[in-house]
Amino acid sequence: MIQINVKDQLRQPLIIILTACIPLAITWVFLPHPAIAIAVGALPLVILFVLKQPFLMVLLFVLFSFFRLHEVFPQLEPFRIPLLLSIASLTALIWQVAVTKKLTIYWTPELKKASLFFVFVILGIALATNRPLALDYFTSTYWKIIVMTFAIVWLTRTARDFSLSLHLVTFSGLLVGLAALYNKFYSIGLVEGTRVTIGRDFGSVLGDPNDLSLVLLFPFSFALALILSPGLSKPQRLFGVVTAIVLILAIIATQSRGGLLGVAAVITVFVWRRVASKTLLIICGALVLASLFLFAGISDRQSGGAAEVGIDESAMGRLYAWEAAFDMALDNPISGVGIDNFHPNYFFYSNYWDGLNHAVHSTWFGVLAETGFIGLYLFLVLVVAVIRCASKALHTIKDNPDKFPPTILAIAEGNLIGLVGFCVTGSFLTQTFTWPLYILLAFTVAIGHFISTNNNQKSK
């Protein structure tokens, strides 16, 4: 006859219960609030959700980091959402790679080129003119961009993931655009009295009208893709129309010439692929661009307005900055002055000094100054490779329309046109070591891998 030891059976459950209750009891002593019990009770469900939805965690982290949604809505600031999402993202990624081993790690030529550039930038920190400043920017910002670039690539695996990305990126752009228009309507945080910003007290990219225009331009290509891609539903198209209108108005409110050029470039490329008469398109495009500049009130700007004769102060400031960037590269041809080091070095390399250090106002000159001629070469090779990959993926989808859902076509085209918009706008804005290019890079590689895999499977 088998004897059952009740004490042995109860020992393990009791240990588990006590282990769970002791931290709760200690917390209750210092924070006697019912919400503590609720939070602890919900914690297992939250952990389970995070581990089951790794892509959503990474996507939300990118959206909050790039669009700065917690700054658009300051009420979210105390919750430290980007920090929580970063922890959730890394936890889910490690779980998928090390524990469940459900994540397939693959490598592409674009990722190799990106890795070479990343490694070169990291090595350049040791040679930076201000090493603590370069290291601080890397540890606070750039390493997250590197990690999340690979996370997006490897976690974006299904058509649902691409559809979710397309819609959430567009929706986030709509929220930022509405916030910008609200600030413009109520004259909140305006630069030079007319140029809209968001959350200037935070000192983020949204507080600069030029950078804000690039943030708004990123989802604009996705919104146009929702409007123009065949096979999408009427609600999706309506969502795209509303978002595109809000984003254009918000970019106009920034009075950023680079942003308006980016809008014109994105619209032109979309229409170019659909209109037979290229001459008529060029004429109409020029008229649209002139109308945008007129409607934006560029001539009323305090800097770069019609009141300034000849080359305006804003344009001259860019020329001085680009000249300083080139001189920095000549002085440091191998590694440049180091990541995030252009601003403090401006005084030593500029031929014009007005009492202030200035930003470089160009992605290309920025990477030249901060990583040298080798870094610029690696960066240009990377950008060209990403554009080629995006173009090839789009052509494959168009040649095989029955193999892929409409949302794949929409995000593929929006992603390619977004790269064009980045190249145009980035020529006048400093975006080398911030999110836009790397998000587009990640989506491009993920789309290319998804298309290649599914196309090969269905061919068999």
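1. Some details on the overall build of the chain
Part 1 of the reasoning: Secondary structure assignment for the chain yields 17 helices and zero strands.
Part 2 of the reasoning: Scored against the burial criterion, the 460 residues of the chain give a buried share of 48%.
Part 3 of the reasoning: In the chain, 73% of the contacts between residues at least 6 apart in sequence involve partners at least 24 apart.
Part 4 of the reasoning: Element-wise, carbon and sulfur atoms account for 69% of the exposed surface of the chain, whose accessible area totals about 22,400 Å².

2. Quick notes on helix H10 (residues 234–254)
Part 1 of the reasoning: Over its 21 residues, H10 runs 30 Å from end to end, which matches the ideal 30 Å to within 8%, given 1.5 Å per residue.
Part 2 of the reasoning: Taken together, the buried positions of H10 are Gln236, Gly240, Thr243, Ala244, Val246, Leu247, Ala250, Ile251, Ile252, Ala253 and Thr254.

3. Some thoughts on the side chain of Gln236
Part 1 of the reasoning: Tracing the backbone shows Gln236 in helix H10.
Part 2 of the reasoning: The class for Gln236 is buried, based on a relative accessible area of 18%.
Part 3 of the reasoning: When sequence neighbours within four positions are dropped, the list of residues in contact with Gln236 reads His167, Leu226 and Thr407.

4. What to know about the pattern of salt bridges
Part 1 of the reasoning: A full pass over the atoms with the stated rule returns one salt bridge.
Part 2 of the reasoning: Note that Glu71 is salt-bridged to Arg68, the shortest N-O span being 3.0 Å.
Part 3 of the reasoning: Residue Glu71 is classed as buried on the basis of its relative accessible area of 6%.
Part 4 of the reasoning: A relative accessible area of 23% means that Arg68 is categorised as partly exposed.

5. Considerations on empty space enclosed by the protein
Part 1 of the reasoning: All chains considered together, the criterion is met by two cavities of 30 Å³ or more.
Part 2 of the reasoning: Its boundaries defined by the atoms lining it, the largest cavity holds a volume of some 70 Å³.
Part 3 of the reasoning: Residue lining of the largest cavity: Leu214, Leu217, Phe218, Ser221, Val266, Gly418, Gly421, Phe422, Pro436 and Leu440, and that is the complete set.
Part 4 of the reasoning: Where the lining of the largest cavity is concerned, the elements lending two or more residues are helix H9 (209–228), helix H16 (406–426) and helix H17 (435–459).
Part 5 of the reasoning: Residue contributions to the lining of the largest cavity peak at four residues, all from H9.
Part 6 of the reasoning: Of the residues assigned to the lining of the largest cavity, the class counts are seven nonpolar, three polar and no charged.
Part 7 of the reasoning: In terms of lining, the second largest cavity is formed by Phe120, Val121, Gly124, Ser335, Gly338, Ile339, Glu370 and Thr371.
Part 8 of the reasoning: When residues of the lining of the second largest cavity are traced back to their parent elements, those giving at least two are helix H6 (109–126) and helix H15 (363–399).

About the cut-offs
- Residues numbered from 1 in each chain as written.
- Predicted model: local features only at pLDDT ≥ 70, side-chain atom pairs only at ≥ 80, totals over all residues.
- Heavy atoms only, no water.
- Helix = DSSP H or I, 4+ residues; strand = E, 2+ residues; numbered from the N terminus.
- Buried < 20%, exposed > 50% of the residue type's maximum accessible area, 1.4 Å probe, protein only.
- Contact = heavy atoms within 4.5 Å.
- Areas by Shrake-Rupley, 256 points an atom, 1.4 Å probe, with all protein chains shown as cover.
- Expected span 1.5 Å × (residues − 1).
- Salt bridge = Lys/Arg side-chain N within 4 Å of Asp/Glu carboxyl O.
- 1 Å grid on protein atoms, 1.4 Å probe; cavity = no way out; pocket = protein on both sides within 12 Å on 5 of 7 lines; lining within 4 Å.
- Points joined across faces, edges and corners; volume = space filled by probe spheres on them.
- Nonpolar A, V, L, I, M, F, W, Y, C, P; charged D, E, K, R; others polar.

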